[in-house]
Amino acid sequence: MEFEPKIIAFVCNWCTYAAADLAGTSRIQYPPNIRLIRLMCSSAVDPIYIMKSILNGADGVLIGGCHPGDCHYQNGNYKARRRVTILKSILTSIGVPEERIWLRWISASEGKKFADTVTDMVGRLREMGPSPFKSMWEI
Amino acid sequence: MMIPVKDGKQVETLNNFFRSILERGIVDALLLPQGLFENGTYAHTLVKDPQKITHAQPFLPVLMNNGGTILSELTSGVNSTRIGAVLRACEIRALYELSKFNQVDLNNLFIIGVDCLGTMEPSDFAGLVGQKNFTAEQYISGLIEGKQDHIRTACRVCPYPRPEDADMNLGFIGTDPAKELFVDCSEEIADRLDLKKEAPPGEMVKKVDVIRKEKTELLDKLLSDMKGRFGSVTSLLNQFARCKRCYNCRAECPICFCNECIFLTNIFHHEPNDYIRWAERKGVLRMPYDTLLFHLTRLNHMAFSCVGCGQCSSACPNNLPVFELFQYAGKEVQNIFNYAPGQKTEDEPPILTFREKELEPL
Ligand code: SF4
Ligand code: SF4
Ligand code: FES
């Protein structure tokens with residue numbers, strides 16, 4: 001049986017969540033490997049939630065926010081970008097491939113971009129194989 | 001300027017010096033390490049009455065708490081008292097870092113930095129003091145010559161023998177501390193203490209520089225083999241296998257700036273059934289759970305601001321290399337943002353600021 005990656009996505013209410021909705025209503029196909037969690041802004045994602053997802057067995061985490069300049073709270077996405085950069089650096093330091101974490105800007109009108117992103121991510125995670133944390137009990 | 005140590009009685013000299021700082025109104029209260037109970041215990045004391053300065057010992061190779069944390073408590077809220085604080089470099093660095101997170105108010109503080117060549121665990125020091133032939137003076141001379149017995153790992157590699165950015169410095173490196181001590185401060189303060197302002201003697205500056213260089217090399221060497229220790233999840237888990245998730249390292253960290261740590265909230269108190277479900281999924285779970293998550297979260301929250309004081313490792317009941325891990329992972333993040341923690345600069349910790357154009361493509 002082919003490995004089916006599981007992705008947890010933290011998406012901004014004002015953009016990526018709406019884009020996912022648009023992809024659905026426009027009947028754009030994308031793989032069903034993703035579970036969306038809606039937040040008010042990409043800056044509401046503390047790295048702890050990203051790590052908790054990965055350590056508990058998610059194969060990848062997607063964070064979706066408004067394009068630079070478009071955040072409804074002015075600069076939340078810039079802060080999210082820093083946090084994700086820090087997180088990736090720390091994960092890299094301890095040998096966890098940073099490619100399991102994707103931060104993407106996807107506006108409310110970009111249903112197609114949302115679908116494409118999910119498709120790409122599932123493809124990449126399939127190549128990488130299951131997250132080793134899935135079976136690690138000593139964490 | 002040099003102040004003479006009469007008859008080799010350093011404590012007397014220091015007592016008098018610190019008393020005069022209070023008596024002449026340079027500060028209204030003084031945070032000062034003093035000996036307590038005559039049993040080898042040394043801790044910070046908050047002095048209002050100059051006559052209560054009886055065991056001033058800021059140079060002893062022992063540190064109980066990071067004074068940065070104490071001053072956070074002493075300056076948060078309404079504070080109209082000018083507090084003087086006698087601190088080592090790691091404490092001053094913590095202080096400046098905390099001020100950037102608004103957890104310390106520097107306004108009413110007068111910082112007196114003291115030379116430091118390393119500290120040991122308070123219990124180790126008390127043990128030595130109890131031994132027959134031990135004298136602190138001899139021990140400190142050994143440190144100047146490069147000996148490091150009993151010294152904590154963080155201190156062995158600390159490149160700050162003399163604090164930077166203090167309002168006054170009190171030094172012994174490069175002099176004979178049994179005979180004289182060096183005081184460096186502004187002309188105005190020197191006047192008020194009836195001292196003459198002088199630049200530190202060349203010998204001193206040179207000695208401090210040599211030590212700084214040696215320790216920088218030791219730190220670089222320590223960091224260079226960290227990849228082997230922490231560079232994969234398996235090796236990290238091995239290094240921290242004996243972590244009992246007591247959170248002591250977090251409690252003692254002067255930088256952990258949150259008034260309420262997320263780990264002390266109920267966000268990570270799970271329902272019994274959750275644990276059972278996770279155990280079912282993996283077949284077995286190590287308990288307590290979320291230990292790796294704890295360390296990774298703290299790394300994400302503050303490693304870029306880690307000043308390397310080593311209080312985390314001192315606090316650990318199982319002697320785990322917390323200081324090493326945070327220095328290692330912290331440095332990588334600091335390099336990305338070109339940030340140096342613990343300095344009196346306008347530079348903001350990476351988490352407190354952003355640029356509109358940076359870090360792209362994602
Ligand atoms: S671990 Fe994180 S949440 Fe807890 S005190 Fe430190 S910075 Fe704050
Ligand atoms: S002090 Fe030591 S045992 Fe306690 S949580 Fe920190 S690393 Fe783990
Ligand atoms: S509101 Fe969408 S990222 Fe801030």
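Parameters at a glance
Residues numbered from 1 in each chain as written. Chains lettered and ligands numbered in written order. Predicted model: local features only at pLDDT ≥ 70, side-chain atom pairs only at ≥ 80, totals over all residues. Heavy atoms only, no water. Salt bridge = Lys/Arg side-chain N within 4 Å of Asp/Glu carboxyl O. Helix = DSSP H or I, 4+ residues; strand = E, 2+ residues; numbered from the N terminus. Contact = heavy atoms within 4.5 Å. Buried area = accessible area lost by both parts, 1.4 Å probe. Nonpolar A, V, L, I, M, F, W, Y, C, P; charged D, E, K, R; others polar. Domains from an automatic or database assignment. Polar contact = N/O pair within 3.5 Å; in protein donor to acceptor, adjacent residues only side chain to side chain. Pairing = 2+ DSSP bridges. Axes fitted to C-alpha atoms, helices over the stretch in contact; angles between N-to-C directions. Near = heavy atom within 4 Å. 1 Å grid on protein atoms, 1.4 Å probe; cavity = no way out; pocket = protein on both sides within 12 Å on 5 of 7 lines; lining within 4 Å. Points joined across faces, edges and corners; volume = space filled by probe spheres on them.

Chemist: Help me understand the pattern of salt bridges in this model?
Modeler: Pairs may arise between side chains of opposite charge once their charged atoms sit close together. Inspection of every chain in the model, using the stated rule, returns 19 salt bridges over all chains. Residues Glu2 of chain A and Arg126 of chain A are paired through a salt bridge, measuring 3.5 Å at the closest nitrogen-oxygen approach. Pair noted here: Glu2 of chain A is in the segment before β1 (7–12) and Arg126 of chain A is in helix α4 (residues 111–128), with a separation of 124 residues, a long-range link. Put simply, Arg192 of chain B and Glu188 of chain B hold a salt bridge, and the shortest N to O gap is 3.1 Å.

Chemist: What is the right way to look at the interface of chain B and chain A in this model?
Modeler: The accessible area lost on association of the parts is a frequent measure of interface size. If you look at the interface, chain B gives 45 residues, while chain A gives 33 residues. Counting each side, the surface lost to burial between chain B and chain A is near 3700 Å², with a carbon and sulfur contribution of 66%. Sorting the residues of chain B by area buried against chain A places Lys282, Asn300 and Leu362 of chain B first, and these three jointly supply 18% of that buried surface. The interface formed by chain B and chain A includes three salt bridges. Where Arg82 of chain A meets Glu358 of chain B, a salt bridge forms, and the shortest distance between an N and an O atom there is 2.9 Å. The set of elements that each furnish at least two residues to the side of chain B that touches chain A consists of α10 (233–239), α12 (272–282), α13 (291–302) and α15 (322–337) of chain B. Looking at the side of chain B that touches chain A, its residues break down into 27 nonpolar, eight polar and ten charged.

Chemist: Help me understand the domain arrangement of chain B in this model?
Modeler: Residue and element names in this part refer to chain B. The domain boundaries assigned to chain B delineate domain 1 (2–221) and domain 2 (231–343). One C-alpha centre belongs to domain 1, the other to domain 2; they are set 30 Å apart. On the domain 2 side, the residues contacting the 21 residues of domain 1 number 21 residues. Taken together, both faces of the contact between domain 1 and domain 2 bury some 1800 Å²; the carbon and sulfur share is 49%. When the buried area of domain 1 at its contact with domain 2 is split by residue, Arg93, Glu97 and Phe101 rank highest and sum to 30% of it. The interface formed by domain 1 and domain 2 includes zero salt bridges. Taken together, the links from domain 1 to domain 2 amount to ten residue pairs in polar contact (both at pLDDT 80 or more). Taken together, the elements giving at least two residues each to the side of domain 1 that touches domain 2 come down to α3 (89–100) and α6 (153–156).

Chemist: What am I meant to see in the sheet that holds strand β2 (residues 34–39) of chain A here?
Modeler: Hydrogen bonds along the backbone pair up the strands of a sheet, which may run parallel or antiparallel. Residues and elements named next belong to chain A. Reading across the sheet, the four strands line up as β2-β1-β3-β4 and stay open at both edges, with parallel pairing between neighbours. Of all strands in the sheet, those bounded by a partner on one side alone are β2 and β4 (101–105). The average angle at which neighbouring strand axes cross in this sheet is 20 degrees, direction not considered. Two elements, β1 and strand β3 (residues 60–65), share five bridges in a ladder whose sense is parallel. Bridged to Val11 within β3 is Gly64. Packed onto the sheet, helix α2 (residues 47–55) meets β1, β3 and β4 and runs at close to 150 degrees relative to β3. Relative to the sheet, α4 contacts β1, β2, β3 and β4, its axis offset from that of β4 by approximately 165 degrees.

Chemist: Quick question: what am I supposed to make of the site of ligand 2 here?
Modeler: Looking at ligand 2, there are 13 residues lining it, with Cys243, Cys246, Tyr247, Cys249 and Cys316 of chain B nearest. Class assignment for the residues of the shell around ligand 2 results in nine nonpolar, two polar and two charged.

Chemist: What is the right way to look at the sheet that holds strand β3 (residues 41–47) of chain B in this model?
Modeler: Residues and elements named next belong to chain B. If you trace the seven strands from one edge of the open sheet to the other, you get β1-β7-β6-β5-β4-β2-β3, paired in mixed fashion. Of all the strands in the sheet, the pair left with one neighbour each is β1 (2–4) and β3. On average, each strand axis in the sheet is tilted by 25 degrees relative to the strand beside it, whichever way the strands run. Note that strand β4 (residues 83–87) and strand β5 (residues 109–114) share five bridges and pair parallel. Residue pairing for β5: Val86 is matched across the bridge by Ile112. This element, helix α2 (residues 67–75), spans β2 (29–36), β3, β4 and β5 of the sheet and lies at about 170 degrees to β4.

Chemist: How should I be thinking about empty space enclosed by the protein in this particular structure?
Modeler: Using a probe with the size of a water molecule, rolled over the atoms, empty space left in the structure can be pinpointed. All names here are of chain B. Going through the model one piece at a time under the given rule, you end up with eight cavities of 30 Å³ or more. Approximately 130 Å³ is the volume attributed to the largest cavity. Forming the walls of the largest cavity are 17 residues, and the residues nearest its centre are Cys90, Cys116, Gly118, Cys155 and Cys158. Mapped onto the lining of the largest cavity, the elements with two or more residues apiece are α3 and α6. Residue composition of the lining of the largest cavity, grouped by class: eleven nonpolar, three polar and three charged.

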